[in-house]
2 protein chains.
Amino acid sequence: MFPLIEPTLLLDKQKCLSNISIMAEKTRKNNVIFRPHFKTHQSHEVGRWFREFGVDKITVSSVKMAEYFAQDGWNDITVAFPVNIHEKDRLNRLAEKISLNLLVVSPETAELLGKEIHHPINLFIEIDTGYHRTGVDPENTDLLDAILNRIDAYPNLTLKGFLTHDGHSYKIRNDKKAIRNIHQNSSLIANTLKKKYSQRYPDLIFSIGDTPTCSVADSFYDIDEIRPGNFVFYDFMQVAIGSCALEQIAVAMACPVVATYPERNEIVVHGGAVHFSKDSLALPNGNSFGKVVRLTETGWSTEETGMYIKSLSQEHGIIHAEKNQAKNFQVGNWLGVLPIHSCLTADVMKTYKTLEGETITMMR
Amino acid sequence: MFPLIEPTLLLDKQKCLSNISIMAEKTRKNNVIFRPHFKTHQSHEVGRWFREFGVDKITVSSVKMAEYFAQDGWNDITVAFPVNIHEKDRLNRLAEKISLNLLVVSPETAELLGKEIHHPINLFIEIDTGYHRTGVDPENTDLLDAILNRIDAYPNLTLKGFLTHDGHSYKIRNDKKAIRNIHQNSSLIANTLKKKYSQRYPDLIFSIGDTPTCSVADSFYDIDEIRPGNFVFYDFMQVAIGSCALEQIAVAMACPVVATYPERNEIVVHGGAVHFSKDSLALPNGNSFGKVVRLTETGWSTEETGMYIKSLSQEHGIIHAEKNQAKNFQVGNWLGVLPIHSCLTADVMKTYKTLEGETITMMR
């Protein structure tokens, strides 16, 4: 591999393209709209890779990110986060240029948008299908109707449909059946809501997010659009959930060994919370902040090493090694680390290096 | 306060200056070198505030950060992280310009530095006084001597002294006596090592880090230099440890309310892992990812609100409210959040806004 100097987020473009291809093919086969979430990669260049697969609609998680991707020619963007009305000026500027889809969870926000936005925009009502983070209880038809009435009251507002993020799928561990159950529950809710509202809104769609259900589902029933994001890279959390194989993870942090402690079965690398952020996966003996792999001439091996990051400081990563293993490493060696949560790791790193040595920048 | 648009990291400059002043005064009174750690604020401008208090020596946590502060005229910098020898070219460029102090924990690294660095540099040997992250066991005199022999073998290498970071103080909760015990233990180790090595190295110093012990200690005994960093802002973790008062925390994130769920006693704000990073504090009923305060015309109130962030997604912060409290808030309101770990929060935000409305940039 090219010379490595400091902690570097390696990106295997071929794995990444393969992940995109599988998801794109699945949406084509099932005739659902593919609106990938770009919050994972946050990069113009990685975004362009999706165009080869026919993608022209995207999802982002903030207005700032919508602005960033609009600058690169994306003109149909869903901001999948409940509107912060203080951003109205930025929303107006975006709505003037592109087809902008926003998320509302209350009549108050719909009302404020009606008053403050001076260009046509589309609204999704977020539905809480079980994650209990944000969204409207699908059985709370009073609230749904109150929001719909506010949307209908303003000519610039058009109901696009209902949207959910099945984030409770992230609590599952290695159980595809449990993931499918969540997916089917959301499909049933989609069916009920579409039956109830399709006559009034013939064009309404139902949109789902989350990489676990989108990765595992074979059929999409009453779902019209999917918005997975993490699948572009996957990560060790997704392997633990059961969404993907270890071989599909497309990013790994290259970290230099800076100290070894064979008597503690530990190796210390430069690679800390400022490189990985700090999501962890509970293991029987404690938390893992990253799975350690060996780097190879052409990328990394997915062969089991028995090593994982057991704790992170701002710059230090402490690797747990198996007995008698740490003595095989010395300062200056490089190790790879598959992130627990690639979205947050990418967010703090702000740069990728492809295995071909190309530097890819991200939103700042 | 000035108009707020999106999640904004507010910086109370007066509290910050007061925190610096207290620590600077303590070092003057005790005749110890004040070499503050700049990894917390990572900002040229905040760094300049220290100059008013006579600071001309600093600590950083990476070579990149040393380069950033050297650009702003700092010319005596300790990189308090075990050397990654792959950065030798950058180290050579720095060593040519400034007084550079590096950290070694093995004879191998000292040897590599001797061979690869072509300008005079100073080395600290990191001592493990109980944190067990990196550093040499102070009783392992064979290893200490092996490192010292490598240092002595190369004319460009000078032993500056011994250095420790008492990071185990972070496990303490609200117990100043326990913090002082850690401090006194390190002082004893300083005494022993200085007795043993002062004849051979008459100028050697013993340097300690960590905000808890430096904040709580009244005397420094055999310690010659302190390197606290977090104290410049403090945070809610430091309050929990017992290092500072709530009123001393100098940063708060302003977050807009985007949804309320009175039936769940929850409020959702824009303010997620990309704003706070993801350190948490264990509370009896779960983890807190930030303490919620009310914003005022001139900053924030430290009056108890009973609210805290109970979970963070990439962009969402879910606030736990007390019974019947959530209904008092509506979308568009602003709340303040005192970070659990201000270093990591600053690192992901990359920008501060002072209470006077000035934007302060950081290292990118």
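None of these values were measured; they are calculated from a predicted model.

Cut-offs and rules
Residues numbered from 1 in each chain as written. Chains lettered and ligands numbered in written order. Predicted model: local features only at pLDDT ≥ 70, side-chain atom pairs only at ≥ 80, totals over all residues. Heavy atoms only, no water. Helix = DSSP H or I, 4+ residues; strand = E, 2+ residues; numbered from the N terminus. Rg over C-alpha atoms; globule rule 2.2 N^0.38 Å. Buried < 20%, exposed > 50% of the residue type's maximum accessible area, 1.4 Å probe, protein only. Contact = heavy atoms within 4.5 Å. Areas by Shrake-Rupley, 256 points an atom, 1.4 Å probe, with all protein chains shown as cover. Lys, Arg positive; Asp, Glu negative; His and termini not counted. Charge placed at Lys NZ, Arg CZ, Asp CG, Glu CD. Phe/Tyr/Trp six-rings, centres within 6.5 Å; stacked < 30°, edge-to-face > 60°. Lys NZ or Arg CZ within 6 Å of the ring centre and 35° of its normal. 1 Å grid on protein atoms, 1.4 Å probe; cavity = no way out; pocket = protein on both sides within 12 Å on 5 of 7 lines; lining within 4 Å. Points joined across faces, edges and corners; volume = space filled by probe spheres on them. Nonpolar A, V, L, I, M, F, W, Y, C, P; charged D, E, K, R; others polar. Domains from an automatic or database assignment. Patch = residues over 30% accessible without salt bridge, like charges linked within 9 Å, V, L, I, M, F, W, Y side chains within 5 Å. Salt bridge = Lys/Arg side-chain N within 4 Å of Asp/Glu carboxyl O. Polar contact = N/O pair within 3.5 Å; in protein donor to acceptor, adjacent residues only side chain to side chain.

Any details on the overall build of chain A? Residues and values, ideally.
If you tally the helices and strands in chain A, you get 11 helices and 21 strands. Taking 2.2 N^0.38 as the reference for a compact globule, 364 residues should give roughly 21 Å; the C-alpha atoms of chain A span a radius of gyration of 22 Å, in line with that estimate. For chain A, the spread of C-alpha atoms along the three principal axes comes to 70 × 40 × 35 Å. The burial tally for chain A puts 64% of its 364 residues in the buried class. For chain A, restricting intrachain contacts to residue pairs at least 6 apart in sequence, the fraction spanning at least 24 positions comes to 65%. Within the structure as shown, chain A displays about 13,500 Å² of accessible surface, and the carbon and sulfur contribution to it stands at 46%. Within chain A, one finds 39 positive and 43 negative side-chain charges whose respective centroids are separated by 2 Å.

If you had to explain the packing of aromatic side chains to someone new, which residues and values would you point to?
Within this structure, the stated rule accounts for 18 aromatic pairs over all chains. Ring geometry for B:Phe38 and B:Phe50: centres 4.9 Å apart, planes at 45 degrees, overall tilted. Of this pair, B:Phe38 sits in the loop between β2 (33-34) and α2 (44-51) while B:Phe50 sits in helix α2; the two residues are 12 residues apart in sequence, bridging distant segments of the chain. The pair B:Phe38 / B:Phe50 is uniform in exposure class, with both members buried. Ring pairing ties together the aromatic residues A:Phe34, A:Phe38, A:Phe50, A:Tyr68, A:Phe69, A:Trp74 and A:Phe231, which thus form one cluster. Residue placement shows A:Arg264 over the ring face of A:Tyr261; its charged tip is 4.0 Å from the ring centre.

Summarise the layout of surface pockets; cite the residues concerned and give the values.
Put simply, the second largest pocket is a space of about 720 Å³. A:Glu6, A:Pro7, A:His275, A:Met349 and B:Lys64 are the residues nearest the centre of the second largest pocket, which is lined by 32 residues in total. If you list the elements that add at least two residues to the lining of the second largest pocket, you get β1 (8-11), α10 (273-276), α11 (342-349) and β20 (351-354) of chain A together with α3 (63-70) and α11 (342-349) of chain B. Residue composition of the lining of the second largest pocket, grouped by class: 14 nonpolar, seven polar and 11 charged.

Provide a residue-level description of the domain arrangement of chain A, including the pertinent values.
Parsing chain A into structural domains produces domain 1 (75-228) and domain 2 (246-361). Computed over C-alpha atoms only, the centres of domain 1 of chain A and domain 2 of chain A are separated by 36 Å.

Which residues make up the environment of B:Leu335, and what values do they have?
All names here are of chain B. Within the fold, Leu335 resides in strand β19 (residues 334-338). In this structure Leu335 comes out as buried when scored by relative accessible area, which is 1%. With 17 residues separating them along the chain, Leu335 and Ile318 place their C-alpha atoms 12 Å apart. Once residues lying within four places of it in the same chain are set aside, the contact partners of Leu335 are Met253, Ala254, Cys255, Val257, Ile267, Val269, Val292, Val293, Leu295, Met307, Ile319 and Phe329.

An account of a positive patch on the surface is requested, with residue identities and associated values reported.
A contiguous patch of positive charge on the surface is contributed by A:Lys64, A:Arg364, B:Lys64 and B:Arg364. Topologically, A:Arg364 is positioned in the segment after β21 (359-361).

Break down the side chain of A:Arg35 for me, with residues and values.
Residue and element names in this part refer to chain A. Tracing the backbone through its elements, the reader meets Arg35 in the loop between β2 (33-34) and α2 (44-51). Assessed through its relative accessible area of 0%, Arg35 is described here as buried. Among the polar contacts made by the side chain of Arg35, one reaches the side chain of Asp76 at a distance of 3.0 Å. Reaching out from Arg35, the side chain makes a polar contact with the side chain of Glu225 at a distance of 3.0 Å. Non-local contacts of Arg35, meaning those with residues more than four positions away in its chain, are made with Lys57, Ile58, Thr59, Asp76, Ile77, Thr78, Asn101, Lys160, Glu225, Ile226 and Arg227.

Run through the pattern of salt bridges, naming residues and quoting values.
Residue and element names in this part refer to chain B. If you walk through the whole model with that rule in mind, you get 36 salt bridges over all chains. A salt bridge links Glu87 to Arg90, with the nearest nitrogen and oxygen atoms 3.6 Å apart. Residue Glu87 is classed as buried on the basis of its relative accessible area, which comes to 4%. With a closest N to O distance of 3.8 Å, Arg180 and Asp218 form a salt bridge.

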